[in-house]
Amino acid sequence: MITIAESKHLSIQEPLLEPFGFKGDYLTELWQSVAGLRSHDGAIGIGVGVQSVLWSDDRVFSQYGEQTGNALMANATQYALMLAEHTEFDTPIDLMDRLFPEVHAFAQRSVGRDDLRATFALNALVALDQAAWSLYSKGKDAGGGFQELVPESYRSALSARQQQLGCIPLVSYNLSEEKIEQILGEGYFILKIKIGADPEQNGDPAKMLEWDKQRLSQIHRIASRFDTPYTRNGKIAYYLDANGRYDGKGRMISFLEHADRLGALESIVLLEEPFNETNVIDVSDLHVRFAADESIHNENDAQLRIEMGYKAIALKPIAKTMSMSLKIAKLARDKGIHCFCADLTANPVLADWNKTLAAQLPPLPELKIGVLEANGQQNYRNWERMKSWHPYSDASWITPNKGLFTLDDSFFNVMGGALEIGSEYENRLYGRGEQTK
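Below: a short report on this structure. (Residues numbered from 1 in each chain as written. Predicted model: local features only at pLDDT ≥ 70, side-chain atom pairs only at ≥ 80, totals over all residues. Heavy atoms only, no water.)

The next point concerns the sheet that holds strand E2 (residues 25–39). Ordered by their spatial adjacency, four strands build an open sheet running E3-E2-E1-E4, and the pairing between neighbours is antiparallel. Of all the strands in the sheet, the pair left with one neighbour each is strand E3 (44–50) and strand E4 (88–89). Summarising the sheet, strand E1 (residues 2–22) and E2 pair through 14 bridges and their orientation is antiparallel. For Glu14, the partnering residue across the bridge sits in E2 and is Leu30. Where helix H4 (residues 118–137) meets the sheet, it contacts E1, E2, E3 and E4, and its direction lies at approximately 155° from that of E3. Strands E1, E2 and E3 of the sheet are contacted by helix H16 (residues 423–430), whose axis makes an angle of about 115° with E1. (Pairing = 2+ DSSP bridges. Helix = DSSP H or I, 4+ residues; strand = E, 2+ residues; numbered from the N terminus. Contact = heavy atoms within 4.5 Å. Axes fitted to C-alpha atoms, helices over the stretch in contact; angles between N-to-C directions.)

A regular strand carries its side chains on alternate faces of the sheet. Of all seven residues that make up E3, seven are buried, and the element is covered over most of its length. Residues Ile44, Ile46, Val48 and Val50 line one face of E3 and the alternating positions Gly45, Gly47 and Gly49 line the opposite face, and both faces are buried. The sheet contact formed by E2 and E3 spans seven bridges and is antiparallel. By the bridge assignment for E3, Arg38 is matched with Ile44. Hairpin connection of E2 to E3: four residues between the antiparallel strands, including Gly42 at a positive phi of 95°. (Buried < 20%, exposed > 50% of the residue type's maximum accessible area, 1.4 Å probe, protein only.)

Moving on, we get to helix H12 (residues 348–358). Burial runs high along H12: 11 of the 11 residues are buried. Within H12, burial applies to Pro348, Val349, Leu350, Ala351, Asp352, Trp353, Asn354, Lys355, Thr356, Leu357 and Ala358.

For the rest of this paragraph, the subject is the packing of aromatic side chains. Tallied over the full model, the rule gives 17 aromatic pairs. Taking 5.8 Å as the distance between ring centres and 80° as the angle between the ring planes, the aromatic pair formed by Phe146 and Trp353 counts as edge-to-face. On the criterion of sequence distance, the pair formed by Phe146 in helix H5 (residues 146–149) and Trp353 in helix H12 is long-range, its members being 207 residues apart. Residue classification places Trp353 among the buried residues on the basis of a relative accessible area of 1%. On the numbers, 5.3 Å between centres and 85° between planes, the contact of Phe411 with Phe412 is edge-to-face. We note that Phe411, like Phe412, is buried. Taken together, Trp133, Tyr136, Phe146 and Trp353 form an aromatic cluster joined through their ring pairs. The ring centre of Tyr310 lies 5.7 Å from the NZ or CZ of Arg305, which sits over that ring. Positioned above the aromatic ring of Phe405, the side-chain terminus of Lys355 is 4.0 Å from the ring centre. (Phe/Tyr/Trp six-rings, centres within 6.5 Å; stacked < 30°, edge-to-face > 60°. Lys NZ or Arg CZ within 6 Å of the ring centre and 35° of its normal.)

Glancing now at helix H3 (residues 92–111). Here H3 contains 20 residues, and its C-alpha end-to-end distance of 27 Å stays within 8% of the 28 Å for a straight helix at 1.5 Å per residue. Approximately 35° is the largest bend angle found in H3, and it occurs at Leu99, with the proline Pro101 only one to four residues beyond. Within H3, the full set of buried residues consists of Pro92, Ile93, Leu95, Met96, Leu99, Val103, His104, Phe106, Ala107, Gln108 and Val111. In the core, the buried residues of H3 are packed alongside E1, helix H2 (58–84), E4, H4 and helix H11 (322–335). Immediately downstream of H3, the backbone of Gly112 shows phi near 80°, a positive value. (Expected span 1.5 Å × (residues − 1). Bend = angle between axes of the 7 residues up to and from the residue.)

Turning to the pairing of E1, a few remarks are in order. The buried count for E1 comes to 15 of 21 residues, which makes it a mostly enclosed element. Sheet topology places E1 next to E4; two bridges connect them, and they run antiparallel. By the bridge assignment, Thr3 is partnered in E4 with Glu88. In sequence, E1 turns back onto E2 through a hairpin of two residues, with Lys23 there showing a positive phi of about 50°.

Listed below in structure tokens is the structure:
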């Protein structure tokens, strides 16, 4: 058992290069949460997180705005760290099971919403969870890498060892044709395309649908000029993310019929979260692989989505904790459901925590290699400075080359460095480092 003697926390506000659009709104910055845990024997574990109030509960973002919404989530992280002090845990999974209900209840009170989405609390717990895994790893012989570190009952979900991962860049609402063409020209073979835009901000679902159709036509026209050796059909693959913006099955069918007429339907390997999670709609009769993301907070939610016809699950250690991701991955493996790792515009250290899980998942059937969404380099103004804080900042696996992350033995041996302590983060928590604005 590990006993937590002390906890620390700080927030770093990182500006984005330009407004980042999804869920019908825009972000201008993302707060980075840094958590430190010190055990009674003096060992230290540090974890980092990225807050996205717009992703975790867009109602909070709309009600409070970007700054106050981020402050509310940071308060939930601080509360979780306070609860963790003087707590004993066997595994990080056990610790998260204990903390989550109280942290969620605290966040509900703070925000003033009894129906606050569980993803808000999970997002707030990411830094603490990674710090707990870092502390946990110090008492384990993890010479076999992540497989050996994960409790045995969850290891069946980790059945692969990918030597290459296709990097999935993000095509947000306002990404230009020139940038899309540049991305494809650099060798990227799968695009994550945000749909569900509200061009006039008036909530008209018919206008949203028409915008989405035009956007897909625009992107498909560009992508059709490229081919790739990494998909089964040799064509650029599409991963569409609606973030729950569609109001019903009829409009989704209309969108898919448009994709079919374009010749784009066969390129859609994933269509994520078409409907709000409270809108229970069976999709088993629609001929595309639907993926669940925000609607899944635990194994029960995953089971419900599987019963509704969803054939894939987005795992997000960087948004819902590694502990919860492993639970969901185990259930998905048992049910024959495909998993992949999606991003939340993670910083470099957190991105390699995500990469550690992605590297041990089998590829989607239409793809020849595994994939990982990673869009931090596209969106952070200070990405290079953030990368310099990574314990292995010069490692070849950090930056994709021609659209691929290449993973060698050193990556697996150190789990991407994600559980090691970077000196900059340590100084900021325990030294004299000042908070970056």
